[in-house]
Amino acid sequence: MSAPTDRPAAANFVSDLVVADNAQGTFGGRVQTRFPPEPNGYLHIGHAKAITVDFELAREFGGQCKLRFDDTNPDTEDTTYADAIVDDVAWLGYTVDEPVYTSDYFEQLFRWAEMFIEQGLAYVDEQDGETISAQRGGYGNPGVESPHRDRPSEESLDLFRRMRDGEFADGSKVLRAKIDMQHENMQLRDPVMYRIRSGHHHRTGEAWKVYPTYDWAHGQSDAIEGVTHSLCTLEFDSHRPLYDWYLDQLARMGELPFEQPRQTEFARLELTHTVTSKRKLLQLVEQGLVDGWDDPRMPTLRGLRKRGYPAESIREFCSFIGVSRTNSRNEIELLESFVRTRLNRVAQRRMAVLRPLEVVIDNWPVDDSGAPVVEQVELVNNPENADDGTRTAPFSGRFWIEQDDFMAEPPPKYYRLTPGREVRLRGAFFVTCVGFDSDDDGNVERVHVTYDPETRGGNAPDGRKVKSTMHWVSADHAVDISVALYERLFSAEVPGEATGDVFDDLDANSRELLTECKAEPSLADVAPGDVVQFERLGYFAHDADQPRLFHRTVGLRDEWANIQKRKG
RNA sequence: UGGGGUGUGGUGUAAUUGGCAACACGACAGUUUCUGGUUCUGUUAUUAGGGGUUCGAUUCCCUUCACCCCAGCCA
């Protein structure tokens, strides 16, 4: 297990608990956790929090954390998911020696179940699911005991073994714990321990016909592995008494190889403008509302990776937001701020123009053959990191700027190019707008400027100042690229809050693909998967597979956009 | 309807367990700057409501309210 987070984990109620346990010698000073995903879907940002909490807690106290697949339901699970999960956990920065599987313990779990039956703690129920559910009662009204509840244990044992041998149809029988049908906690009203499933299991194949339920499998798996602190999300709070009950019985029978593990719940991560429900994410993919699990708009780890989010910033975010029992929803802006902070430090700068507007320098010199002179100007790769050095870019008499960077009739506080105004072209020259051409509809087609040869490199010898510095790309040397811009997949902070249906808040235009973008030649050197900053625009990730396609990871903070927004 | 959990700025998390409510994000106003980025500075809260104990309450007690979870042979 690695230890990748830069800063130490912040203290929280869970680490406080461990400190208290260690002080009392509860687990002999041992700390062991596990991250227990079910291999039936891809990991998302919510899992990233759980992973961080599980792994970092173990790291903080010198213990270990295992990746355990909670694979107790053959109907929904698949090795494709399991492989992807291993890959995603590794990408996040946590290395796992060898994942473990709940299915590794099926034999032990079965033997313990037999012991429960022998001791009158479990019985085979032959009623159908609907009946069992109806008999469970409701909030405030007690349940009804099954007619099979007090059958002889020999009979249950025989039935249970024949269930395993595949003698009975799916759903025809279950093994139930015999606890208390009147219990105020519904989880304790004779919960199901085993059900019959004839499907193919991703690891055990056809070997088993009965499968343990989550509740029967989870705590026991923890116990087998020597987990001390079994961390899970809040909705399992009402399961804790059951978790303890199973383990108490085994402890009484002297079956536990380690100290009895304890479950502790914490709030899951919710983010504004996104959904993390597995079902909703599956719907997005299956209905073709996104391009797949790795669509850069998805909150999946694969999506965020493709989008260009550094794993470190996801980890830092997860550590920073803390661990508590309060249901909460973090603003996506906070995550983005961690992404920006990191990328600002590590991403090299490049110049690219997304919506090109042609600019011609009317007084640019030509050489002896009558061709425009080409100058090579030097540009800093990253002002935040001198080690990244410099690069050169060609500059000649014709270049591209953003359409946004020129206005024939500028509003107040507009600093960019406008008739009569002088601006700096980053690293190159000062230019002054002397006019522009428009088409018949009045659209600006081309801007004319003159340049000051004395300002080469971007400084005026007379010290005169300029209101704005703009990026540019030499028209004769530009590399053509495509850029995918992303807005939030869900426009509402809390998707579905207004209508009850999250898909009502889906933004159908959340991706805009620009195919006629112009970039400086050195962009060709950006490796697949690398993230660079397009100056003044934002951070962009080079697609890992498709050359010259860039995904906008996150935009720069944009004061001008804020000013415009305020003005309406 | 029974049980369980949780309430601290716009958001999330803290507060040496009774002693000046802190940090980050966002927003706003400035500063710096060859990125309207970055940097730096300032502003942004009587701790869900009400009552009580106390010199003193986010913290202890009582009470009211709000939100979340539980009636899968999902996890």
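Note that this is a predicted model, so its numbers are computed, not measured.

How each quantity is defined
- Residues numbered from 1 in each chain as written.
- Chains lettered and ligands numbered in written order.
- Predicted model: local features only at pLDDT ≥ 70, side-chain atom pairs only at ≥ 80, totals over all residues.
- Heavy atoms only, no water.
- Helix = DSSP H or I, 4+ residues; strand = E, 2+ residues; numbered from the N terminus.
- Rg over C-alpha atoms; globule rule 2.2 N^0.38 Å.
- Buried < 20%, exposed > 50% of the residue type's maximum accessible area, 1.4 Å probe, protein only.
- Contact = heavy atoms within 4.5 Å.
- Domains from an automatic or database assignment.
- Buried area = accessible area lost by both parts, 1.4 Å probe.
- Salt bridge = Lys/Arg side-chain N within 4 Å of Asp/Glu carboxyl O.
- Polar contact = N/O pair within 3.5 Å; in protein donor to acceptor, adjacent residues only side chain to side chain.
- Nonpolar A, V, L, I, M, F, W, Y, C, P; charged D, E, K, R; others polar.
- Near = heavy atom within 4 Å.
- Pairing = 2+ DSSP bridges.
- Axes fitted to C-alpha atoms, helices over the stretch in contact; angles between N-to-C directions.
- Core = buried A, V, L, I, M, F, W, Y, C linked by side-chain atoms within 4.5 Å.
- Phe/Tyr/Trp six-rings, centres within 6.5 Å; stacked < 30°, edge-to-face > 60°.
- Lys NZ or Arg CZ within 6 Å of the ring centre and 35° of its normal.
- Parallel < 35°, antiparallel > 145°, perpendicular 65-115°, else oblique.
- Left-handed = near helix turned anticlockwise from the far one by under 90°.

**Topic: the overall build of chain A**
Move 1: Within chain A, the secondary structure is distributed over 13 helices and 25 strands.
Move 2: For 568 residues, the compact-globule estimate of 2.2 N^0.38 gives 24 Å, and chain A exceeds it by more than 25% at 31 Å.
Move 3: Along the three orthogonal principal directions, the C-alpha set of chain A runs to about 105 × 50 × 40 Å.
Move 4: Expressed as a percentage of the 568 residues in chain A, the buried residues total 52%.
Move 5: At a minimum sequence separation of 6, the contacts of chain A that also span at least 24 residues come to 71%.

**Concerning the domain arrangement of chain A**
Note: interface size is frequently given as the accessible area lost on complex formation between the parts.
Move 1: Per the domain assignment, the segments making up chain A are domain 1 (1–98 + 267–346) and domain 2 (348–567).
Move 2: The straight-line distance from the C-alpha centre of domain 1 to that of domain 2 is 36 Å.
Move 3: In this complex, domain 1 contributes 28 residues to the contact, which on the side of domain 2 involves 31 residues.
Move 4: With both sides pooled, the region where domain 1 packs onto domain 2 buries about 2,600 Å², and carbon together with sulfur makes up 58% of that total.
Move 5: Here domain 1 is connected to domain 2 by four salt bridges.
Move 6: When the shortest N-O distance is used, the salt bridge between Arg-488 and Glu-333 registers 3.6 Å.
Move 7: Summed over the shared surface of domain 1 and domain 2, the number is 13 residue pairs in polar contact (both at pLDDT 80 or more).
Move 8: Put simply, the parts of the chain that give the side of domain 1 that touches domain 2 at least two residues each are helix 9 (278–286), helix 10 (301–307) and helix 12 (332–346).
Move 9: Ranked by the residues each element gives to the side of domain 1 that touches domain 2, the list is headed by helix 12, at 10 residues.
Move 10: When the residues that make up the side of domain 1 that touches domain 2 are grouped by side-chain class, the tally is 10 nonpolar, seven polar and 11 charged.

**Describing the protein's contact with RNA strand B**
Move 1: What surrounds RNA strand B is a group of 69 residues, the closest being Arg-349, Arg-416, Arg-424, Gly-457 and Arg-557.
Move 2: Backbone sugar and phosphate groups make up 62% of those atoms of RNA strand B lying within 4 Å of the protein.
Move 3: Within the side chain of Ser-133, a nitrogen or oxygen atom sits 2.9 Å from a phosphate oxygen of RNA strand B.
Move 4: Arg-426 places a polar side-chain atom, nitrogen or oxygen, 2.8 Å from a sugar or linking oxygen of RNA strand B.
Move 5: Elements with a contribution of two residues or more to the surface near RNA strand B: helix 5 (129–135), strand 6 (192–196), helix 11 (311–321), helix 12 and helix 13 (559–567).
Move 6: When residues of the surface near RNA strand B are assigned to their parent elements, the largest contribution, five residues, is made by helix 13.
Move 7: Residues that form the surface near RNA strand B fall into these classes: 17 nonpolar, 27 polar and 25 charged.

**A word on unusual backbone geometry**
Move 1: One non-glycine residue with positive phi stands out, namely Asp-190, at about 45 degrees.
Move 2: With respect to the helices, strands and loops of the structure, Asp-190 is situated in the loop between strand 5 (174–177) and strand 6.
Move 3: Positioned with a positive phi, Lys-413 is a non-glycine residue whose angle comes to about 70 degrees.
Move 4: Along the chain, Lys-413 falls in the loop between strand 15 (398–402) and strand 16 (422–425).
Move 5: With a relative accessible area of 51%, Lys-413 lands in the exposed category.

**Quick notes on the sheet that holds strand 1 (residues 32–35)**
Move 1: In spatial order, the strands read 1-2-3; together these three strands make up an open sheet with parallel pairing. The open sheet has two free edges, formed respectively by strand 1 and strand 3 (100–101), since each of these has just one partner strand.
Move 2: In this fold helix 2 (residues 45–60) packs onto strand 1 and strand 2 (64–69), with an angle of close to 160 degrees to the strand it touches most, strand 1.
Move 3: Taken strand by strand, helix 3 (residues 79–92) contacts strand 1 and strand 2, and its axis lies near 155 degrees from that of strand 2.

**Thoughts on the nonpolar core**
A general feature of soluble globular proteins is that nonpolar side chains tend to end up buried together.
Move 1: The biggest cluster of nonpolar side chains holds 38 residues, and the ones touching the most others in it are Phe-116, Phe-160, Leu-175, Met-193, Tyr-194 and Trp-216.
Move 2: Residue assignment for this core shows that the elements contributing at least two residues are helix 4 (106–118), strand 4 (122–125), helix 6 (153–164), strand 5, strand 6, strand 7 (210–212), helix 7 (214–225) and helix 8 (240–252).
Move 3: Per-element accounting of this core gives the leading share, seven residues, to helix 4.
Move 4: Core analysis: the next-biggest nonpolar cluster, separate from the first, contains 36 residues, Ala-58, Cys-65, Leu-304 and Val-531 among them.

**Overview of the packing of aromatic side chains**
Any two aromatic rings considered together are summarised by their centre-to-centre distance and by the angle between their planes.
Move 1: Counting across every chain of the model gives 29 aromatic pairs.
Move 2: Taken together, a centroid distance of 5.3 Å and an interplanar angle of 25 degrees make the contact between Phe-69 and Tyr-101 stacked. You can see Phe-69 sitting in strand 2 and its partner Tyr-101 sitting in strand 3, a full 32 residues away along the chain. Considered together, Phe-69 and Tyr-101 belong to a single accessibility category, that of buried residues.
Move 3: Taken together through their ring pairs, the aromatic side chains of Phe-106, Phe-110, Phe-160, Tyr-194, Trp-208 and Tyr-211 make up a single cluster.
Move 4: Sitting over the ring of Phe-168, Lys-173 keeps its end group 4.0 Å from the ring centre.
Move 5: The ring centre of Tyr-101 lies 3.5 Å from the NZ or CZ of Arg-203, which sits over that ring.

**Describing the packing of helix 11 against helix 12**
The relative placement of two packed helices comes down to the angle between their axes together with the axis-to-axis distance.
Move 1: With their axes 9 Å apart at the nearest point, helix 11 and helix 12 run at an angle of 135 degrees to one another. If you check the angle between helix 11 and helix 12, you find them oblique. Remark: the crossing between helix 11 and helix 12 carries right-handed chirality. For the pair formed by helix 11 and helix 12, the contact residues are Glu-312, Ser-313, Glu-316, Phe-317, Phe-320 and Ile-321 on the first element and Leu-334, Leu-335, Phe-338, Val-339 and Arg-342 on the second.
Move 2: Among the residues forming the contact of helix 11 with helix 12, the class breakdown is seven nonpolar, one polar and three charged.

**Notes on the sheet that holds strand 17 (residues 430–438)**
Move 1: One open sheet accounts for seven strands, arranged 19-16-17-18-12-15-20; its pairing is mixed. For this open sheet the edge positions go to strand 19 (469–470) and strand 20 (473–474), each flanked by a neighbour on one side alone.

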